[in-house]
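Residue-level structure breakdown
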Amino acid sequence: MGCLEFLKDFFLGFWDYETPKVMVVKDKKLGVIYRAVQFLVITYFIWYVFISQKAYQETETRPESSVYTEMRGVALLGDAVQDTTECVRPSEGGDVISTILRKEVTHDQTQGTCAEHYSVANANCTRDSDCIQGESDFDGHGQRTGRCIRYYNYTFKTCEIKSWCPIEEYAVVREPALEQAINFTVFIKNAIHFPKFKVLRGNIKPNKPKKLLRCHYHPETNPYCPVFSLGFIAAQAREKFSELCRTGGIIGVFINWKCDFDVDPSACIPTYSFRRLDMRKNLPSSGYYYRFAKYYHKDGVEYRSLIKAYGIRLDVIVHGHAGRFSLIPTIINTVTAMTSVGICSIICDWIMLTFIDKNEVFSEKKFDDVSKQPSQPITTDFTLTSYGSTHSDLSDGVPL
Amino acid sequence: MGCLEFLKDFFLGFWDYETPKVMVVKDKKLGVIYRAVQFLVITYFIWYVFISQKAYQETETRPESSVYTEMRGVALLGDAVQDTTECVRPSEGGDVISTILRKEVTHDQTQGTCAEHYSVANANCTRDSDCIQGESDFDGHGQRTGRCIRYYNYTFKTCEIKSWCPIEEYAVVREPALEQAINFTVFIKNAIHFPKFKVLRGNIKPNKPKKLLRCHYHPETNPYCPVFSLGFIAAQAREKFSELCRTGGIIGVFINWKCDFDVDPSACIPTYSFRRLDMRKNLPSSGYYYRFAKYYHKDGVEYRSLIKAYGIRLDVIVHGHAGRFSLIPTIINTVTAMTSVGICSIICDWIMLTFIDKNEVFSEKKFDDVSKQPSQPITTDFTLTSYGSTHSDLSDGVPL
Amino acid sequence: MGCLEFLKDFFLGFWDYETPKVMVVKDKKLGVIYRAVQFLVITYFIWYVFISQKAYQETETRPESSVYTEMRGVALLGDAVQDTTECVRPSEGGDVISTILRKEVTHDQTQGTCAEHYSVANANCTRDSDCIQGESDFDGHGQRTGRCIRYYNYTFKTCEIKSWCPIEEYAVVREPALEQAINFTVFIKNAIHFPKFKVLRGNIKPNKPKKLLRCHYHPETNPYCPVFSLGFIAAQAREKFSELCRTGGIIGVFINWKCDFDVDPSACIPTYSFRRLDMRKNLPSSGYYYRFAKYYHKDGVEYRSLIKAYGIRLDVIVHGHAGRFSLIPTIINTVTAMTSVGICSIICDWIMLTFIDKNEVFSEKKFDDVSKQPSQPITTDFTLTSYGSTHSDLSDGVPL
């Protein structure tokens, strides 16, 4: 037919509404199964997806967060006063802060030559020829001079090295731990911003009195006071403080924000949790320490005290999750829910046709085979009549 | 029937194509509603999902980023020269950098005993018995010796403590602010890598002349010069610099990468935004300061100057988002779109059957009730004839 | 009809099962197309979505991670011994660690007045009037005194400034690079925790012997020994170490955890990759250096040595991805798969009606036009009979 007519047909057809023809099976067994499956699917969506998972909300899981930490306290180590100014590094108060609990000091090191430690690979020697000059073991303390000397005031000999002398392993002095540091307090200020929702929240109640830093955190009575004592933190992380003093350790301070902005934003208060982050089980590698040195001059020569400091490092990690009602996800999830219901019929059809439909009543009705066989005009005719007629009738109103 | 036959049937049936039978309703009202709903759904998908949300792209939202910062400048504080080498900490130039704007110095502290501050809980005393020896208030400055002494050159008395003396609250000296620091410039170098797309981008134009550090950032004229003056930053964050000098503050520098790799990657240039991160409203806790000490010896005794430094801390936060066309998400979203259109008929069916379908013409045609009643061979026969026959006809080509 | 009857109908109808009527087209061509499309869709889902993308798992992509780094080694610079205690900053061992490879030192700077560098904008002068007092170029080294003086021991003159003198550009001394640092080793300890799966993993095998720090990393033979030499890292990042000594550079150390907890969790071992993060191509800005100063007093006057340190900065970046079977995603994706199959019929219908269905056999059968024309009782009657009857028959069991 001509293009014009085609267009005409198209425009006539455009405003027709097409709806699938449905066979209604009056079969209780099947009906019950069908409704049961439907019920399951709908319940899942309403209860799990919408209520429990809040699928009707758009969420923001990576907020902008800023952390400020400050450690305060004074402790006595023997007769010496140690306050946080001395123990805490770095002092700038970022999201990682560490305090020294125990020191192993090597005093009065100076650049020169001395005996290598005996544990180092082939450091033990009997004559100079045992020590190759210029060689340096990557685990050793310096470059070998090629001489074989007495190991300090011992009788055996090791290779001589160019290094800061004396070497730490030999001259180190262990200081007692700063047990009193258990009373040090750390003040953690955290401001969080959800760009998508334009909400700014802090872990401190606005317009707090000046005495802020004198309070102590408590989940119920004092959720707005982010001041924790090291003892409290260790306890929360289920660690013995004395043990931490010995080996040092890294403890994660987790600030968890879980906000639902469909309710009052001021209702979103962070919770704090603490967990040790370095592994405990494998002793050799667990713990936390670092080395630094203090340099000074004595009559023209540069000396240093090498300090191996064991301590607690606090890593403040902020988790934020906020949600608020939004149309788009709601629509999408509703659609998914509706389409999923469609799955029921697939299951039920299968059940029906396999188990219930003994004498093929349903299948006959449901399925209507067609195959075009130009060779059999009759058939085609028949079809055309039995169906086409109805068609023409209804559309053109020509009675049979 | 035998398994063999079943298989035969199956293989015959396997290549059949099944398509739902559809009832075409020639009803303008309904048609219009149907098309309207369809139009809405399709528009939503094409416009919102595909054009606005770019659902045809696969995205990468957490790129690998490295930040390098360097602060430069010289300022005069009275007669003294202060350059960034002195003010800026840490000096390593990471993604957090702070500069000191104002100092409160406590000179010549030394370890010893002195009077506790009067504000500390029950520090005020009249006789020694008021001060329990060894006790130390967690808010105090040290451990009590048990003696009650004059509070420095005042008339009243407080408990004596073992600490760095004199205590800060009494002996602190406030220095003027380093107003000239407003001209300090910070150079922020940021390289970003999208592993999924294997694209490496930087916020500096390659092959730039050596004079890089002499330019100033400007969104239009100079987007490739990431050099910002502290004054510019404060202004962008809508903060008074003089105010920042007084209390200090933490300012977030946000580098936002929004890249569409369907167009030329070199077109993706970052934008910079600045916002104060510590809370302003609640005065007691807002602001930024930290303490550090300078140690020195005077005739054998160790002294220190305790410095409480107020300053600006810049937290550089990088947001990256890149997208590029990918087949998978395109397919998935198209499918979702198509299935969603199906929802229309659910709505329209309901409308049709409830409002339009007065004398149940449509429902009759749409729904075809079946219930198997073996007790009535006729019915079944009938069905078999009216339908089955057609079936046999068409398949076996036996005319009625 | 009355509400009561309506309810009755509703309850009767509620247990009915509705299934769409289907037309079976016995047409090989179409059948093949149909199955082909179906096959494609199903394959895509089974192979890509389920096997390759593991859509049946719930995933955790942002685990809690803690990094501890320690650098060790001794090198000789000429006659001087340099160990990591001196070169490495910050010493606390966080996830960013840098070591100094080359220094440019400006010795014995002191506060005073000296000549500005000639390269600074209008610093060159012939008479005092050329230098405006109090002015300070933001690229200069200090505030101008208003005098025009000789540029150190040169013949030409520049403006005098108040600054740390002499200025770096004039007095700087380049030291040789610390080539031996290529043997420095960095020990990277990383513990990772997947909160959703409650799994804690580390990059060190538990119960390792004490000799941990003496091993070297190797992907196959020694995956559990996270000790890397700077030379190894540079090689992995495809950088010349000597080049890094000259300009410095930032290298990213990526620890990639890809864990499948459906198999034994102990099977998830991290892989390490290294890539230079600062841009190489644009020479002026690439590289890594920072400035710091050492202060000292000589007969009452404060001096400093300004050090511009070039070095390697290692940024340790942890990527974590873990998955474990979960019912919810499995269901959702299966549903999506099934619905997607529905798309096939849309395509095939179109093909059928456009290309195959020459003499409108299929369309006749598929589409059944209806339009309510109260004006034609017959039609309606007819419909009612031909269908309604069947209906009544089947339901009431009254034979025709």
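None of the values given here were measured: they were computed from a predicted structure.

**What to know about the UniProt feature "binding site: ATP" (unreviewed entry) in chain A**
Residue and element names in this part refer to chain A.
- Here the UniProt feature "binding site: ATP" (unreviewed entry) sits at T185 and K308. Taken together, the annotated residues stretch across 124 residues and extend over separate regions, lying up to 23.3 Å apart by C-alpha.
- For T185, the position within the fold is in strand β12 (residues 185-194).
- Relative to the helices and strands, K308 resides in strand β18 (residues 301-325).
- Residue class for K308 comes out buried when judged on its relative accessible area of 13%.

**Considering the sheet that holds strand β1 (residues 17-20) of chain C**
- Strands sit in the order β19(B)-β2(A)-β1(C) across an open sheet of 3 strands; the sheet is mixed. Each edge of the open sheet is held by one strand with a lone partner, namely β19 (367-370) of chain B together with β1 of chain C. Across the sheet, the mean angle from the axis of one strand to that of its neighbour is 30°, orientation sign disregarded.
- Direction of pairing for strand β2 (residues 22-25) of chain A relative to β1(C): antiparallel, over a ladder of 4 bridges. If you follow A:M23 over to β1(C), its bridge partner there is C:T19.

**A short note on the packing of helix α2 (residues 28-52) of chain C against helix α7 (residues 327-356) of chain C**
All names here are of chain C.
- Where α2 meets α7, the axes come as close as 9 Å, and the angle between the chain directions of the two elements is 155°. When the interaxial angle is binned, α2 and α7 end up roughly antiparallel. Read as a crossing pair, α2 and α7 show a hand that is right-handed.
- Tallied by class, residues from the contact of α2 with α7 come to 17 nonpolar, 7 polar and no charged.

**Considering the pattern of salt bridges**
Residues and elements named next belong to chain C.
- The final tally for this structure, using the stated rule, is 51 salt bridges over all chains.
- Taking the shortest distance from any N to any O, the salt bridge between R246 and E243 comes out at 3.1 Å. Of this pair, R246 and E243 both sit in helix α6 (residues 241-247), separated by 3 residues, roughly a single helical turn.
- Owing to a relative accessible area of 26%, E243 belongs among the partly exposed residues under this scheme.
- For D278, the salt bridge goes to R276, with nearest N and O atoms at 2.8 Å.

**Details of a nonpolar patch on the surface**
- Nonpolar side chains collect at one region of the surface, where A:I42, A:I46, A:W47 and A:I51 lie side by side and expose about 430 Å² of accessible area between them.
- Note that A:W47 resides in helix α2 (residues 28-52).

**With respect to the state of the cysteines**
- In this structure the tally under the stated criterion is 12 disulfides over all chains.
- Note that A:C114 is cross-linked by a disulfide to A:C165, the S-S spacing being 2.0 Å. With the S-S bond torsion at -80°, the cross-link from A:C114 to A:C165 turns out left-handed. In this pair, A:C114 is assigned in strand β8 (residues 96-115) and A:C165 in strand β10 (residues 157-165), connecting sequence segments 51 residues apart. Comparing A:C114 with A:C165, the two get one shared label, buried.
- The disulfide bridge from C:C131 ends at C:C159, spanning 1.8 Å between sulfur atoms. Taking the sign of the S-S torsion, -90° for the link of C:C131 and C:C159, the bridge is left-handed. On the criterion of sequence distance, the pair formed by C:C131 in the loop between β8 (96-115) and β9 (143-150) and C:C159 in strand β10 (residues 157-165) is long-range, its members being 28 residues apart.

**Brief notes about the pairing of strand β5 (residues 74-77) of chain A**
Residues and elements named next belong to chain A.
- Direction of pairing for β5 relative to strand β6 (residues 80-83): antiparallel, over a ladder of 4 bridges. Considered in β6, the bridge of V74 is made with D83.
- Linking two consecutive strands that pair antiparallel, namely β5 and β6, is a turn of 2 residues; a positive phi of about 65° is found at G78 within it.

**Section: the sheet that holds strand β19 (residues 367-370) of chain C**
- The mixed open sheet is built from 3 strands, whose spatial order is β1(A)-β2(B)-β19(C). The open sheet has two free edges, formed respectively by β1 (17-20) of chain A together with β19 of chain C, since each of these has just one partner strand. Taken pair by pair, the neighbouring strands of this sheet meet at an average axis angle of 30°, ignoring direction.
- In this sheet, β19(C) lies alongside strand β2 (residues 22-25) of chain B in parallel orientation, the contact comprising 4 bridges. Paired with B:V25 across the two strands is C:V370, which belongs to β19(C).

**Considering the packing of aromatic side chains**
- Enumeration over the complete set of coordinates arrives at 86 aromatic pairs over all chains.
- Note on B:Y17 and C:Y34: the rings are 4.7 Å apart at their centroids and 65° apart in plane angle, and the pair reads as edge-to-face. Taken together, the residues span two chains, with B:Y17 in strand β1 (residues 17-20) and C:Y34 in helix α2. Across this residue pair, the class does not change: B:Y17 and C:Y34 are buried.
- With a centroid separation of 5.6 Å and an interplanar angle of 75°, the aromatic rings of B:F194 and B:F261 are classed as edge-to-face.

**Some details on the side chain of C:E92**
- Along the chain, the position of C:E92 falls in the loop between β7 (88-89) and β8.
- Looking at C:E92, its side chain comes within polar contact range of the side chain of A:R89, at 3.2 Å.
- In this structure, C:E92 is in contact with A:R89, A:P90, A:S98, A:Y288, A:Y290 and A:R313, ignoring residues within four places of it in sequence.

**Things to note about the nonpolar core**
All names here are of chain C.
- If you look at the biggest cluster of nonpolar residues, it comprises 59 residues, and the most contacted ones within it are I188, F228, I233, F241, F261, F274 and L314.
- Of all the elements, strand β18 (residues 301-325) adds the most residues to this core, at 8 residues.
- Ignoring sequence-local partners within four residues, the contact set of I188 consists of V67, Y68, T69, N203, P226, F228, V253, I255 and V316.

**Quick notes on the side chain of B:Q82**
Residue and element names in this part refer to chain B.
- Within the element layout of this structure, Q82 appears in strand β6 (residues 80-83).
- Under the relative-accessibility criterion, Q82 is labelled buried at 13%.
- Those residues in contact with Q82 that lie beyond four places of it in its chain are G73, V74, A75, L77, C87, K103, L178 and F184.

**Description of helix α2 (residues 28-52) of chain B**
- Counted at 1.5 Å a residue, the expected span for α2(B) with its 25 residues is 36 Å, and the 33 Å between its end C-alpha atoms agrees.
- Summarising the contacts, the buried residues of α2(B) are in contact with β1 and α7 (327-356) of chain A together with β2 and α7 (327-356) of chain B.

**Overview of unusual backbone geometry**
- A cis amide bond, omega -5°, links B:C165 with the succeeding residue B:P166.
- Here B:P166 is to be found in the loop between β10 (157-165) and α4 (168-171).
- The omega angle of the peptide bond from C:R89 to C:P90 is -10°, so this bond is cis rather than trans.
- You will see that B:N122, though not glycine, has its phi angle at about 30°, which is positive.
- Tracing the backbone shows B:N122 in the loop between β8 (96-115) and β9 (143-150).

**Focus on the environment of C:T271**
- Looking at the secondary structure, you find C:T271 in strand β16 (residues 271-276).
- Discounting chain neighbours no more than four positions away, the residues touching C:T271 are C:F254, C:I255 and C:N256.

Each value, and the rule that gives it
- Residues numbered from 1 in each chain as written.
- Chains lettered and ligands numbered in written order.
- Predicted model: local features only at pLDDT ≥ 70, side-chain atom pairs only at ≥ 80, totals over all residues.
- Heavy atoms only, no water.
- UniProt positions renumbered as here; feature names shortened; annotations may be inferred.
- Helix = DSSP H or I, 4+ residues; strand = E, 2+ residues; numbered from the N terminus.
- Buried < 20%, exposed > 50% of the residue type's maximum accessible area, 1.4 Å probe, protein only.
- Pairing = 2+ DSSP bridges.
- Axes fitted to C-alpha atoms, helices over the stretch in contact; angles between N-to-C directions.
- Parallel < 35°, antiparallel > 145°, perpendicular 65-115°, else oblique.
- Left-handed = near helix turned anticlockwise from the far one by under 90°.
- Nonpolar A, V, L, I, M, F, W, Y, C, P; charged D, E, K, R; others polar.
- Salt bridge = Lys/Arg side-chain N within 4 Å of Asp/Glu carboxyl O.
- Patch = residues over 30% accessible without salt bridge, like charges linked within 9 Å, V, L, I, M, F, W, Y side chains within 5 Å.
- Areas by Shrake-Rupley, 256 points an atom, 1.4 Å probe, with all protein chains shown as cover.
- Disulfide = S-S within 2.5 Å.
- Phe/Tyr/Trp six-rings, centres within 6.5 Å; stacked < 30°, edge-to-face > 60°.
- Polar contact = N/O pair within 3.5 Å; in protein donor to acceptor, adjacent residues only side chain to side chain.
- Contact = heavy atoms within 4.5 Å.
- Core = buried A, V, L, I, M, F, W, Y, C linked by side-chain atoms within 4.5 Å.
- Expected span 1.5 Å × (residues − 1).

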